[in-house]
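Summary of the model geometry
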Amino acid sequence: MNGVRGSYAGLMARGGLMVGLTWKDKHVREIRLEAKAPNTFLIQYPDTGPLKMLRRGAWKPVKPENGMIRVKLNKAEKALITTK
């Protein structure tokens, strides 16, 4: 049996952030972010394990601090956080 998969897109979060998310077997695989306003956003991410973020054309490792990921985005800027 294949794992349970799911996703959503277009969720508007506080501060002007549009969020999309993909998961498999109860674990987040991708978080897609798009700023509708410039801001520093805090993303709650309780899982542990390696993450990387694609932002401004470059991949960088991401380490949650106290279960939170801090992402600073300008208006219309996008970022992708993934466990892959």
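Sequence order as written defines the numbering, with residues in each chain counted from 1. Only residues with pLDDT of at least 70 get local features here, since the model is predicted, and only at 80 or more are side-chain atom pairs given and counted; chain-wide, interface and lining totals rely on the full set of residues. In computing side-chain values, all of the structure's heavy atoms are included and hydrogens and water are not.

Another point: the packing of aromatic side chains. Whether two aromatic rings pair depends on their centres lying within 6.5 Å, for rings of Phe, Tyr and Trp, where Trp uses its six-membered ring; planes under 30 degrees apart make the pair stacked, over 60 edge-to-face, and the rest tilted. Across all of its chains, the model carries 1 aromatic pair by this definition. Here the aromatic rings of Tyr-8 and Trp-23 are separated by 6.4 Å at their centres, their planes lie at 50 degrees, and the arrangement is tilted. Taken together, the positions of Tyr-8 in strand 1 (residues 5–13) and Trp-23 in strand 2 (residues 17–24) put the pair 15 residues apart, joining distant regions of the chain. Only protein chains enter the accessibility calculation, which uses a 1.4 Å probe; a residue is then buried when its area is under 20% of its type maximum, exposed when over 50%, and partly exposed in between. Given the relative accessible area of 28%, Trp-23 is considered partly exposed. Placement of a positive charge over a ring is assigned whenever Lys NZ or Arg CZ falls within 6 Å of the ring centre and within 35 degrees of the normal to the ring plane. Residue placement shows Lys-52 over the ring face of Trp-59; its charged tip is 4.9 Å from the ring centre. Per the convention used, a helix needs a DSSP run of H or I reaching at least four residues, while a strand needs a run of E reaching at least two, with both numbered from the N terminus.

Treat this as a map of the structure, not an account of what it does.
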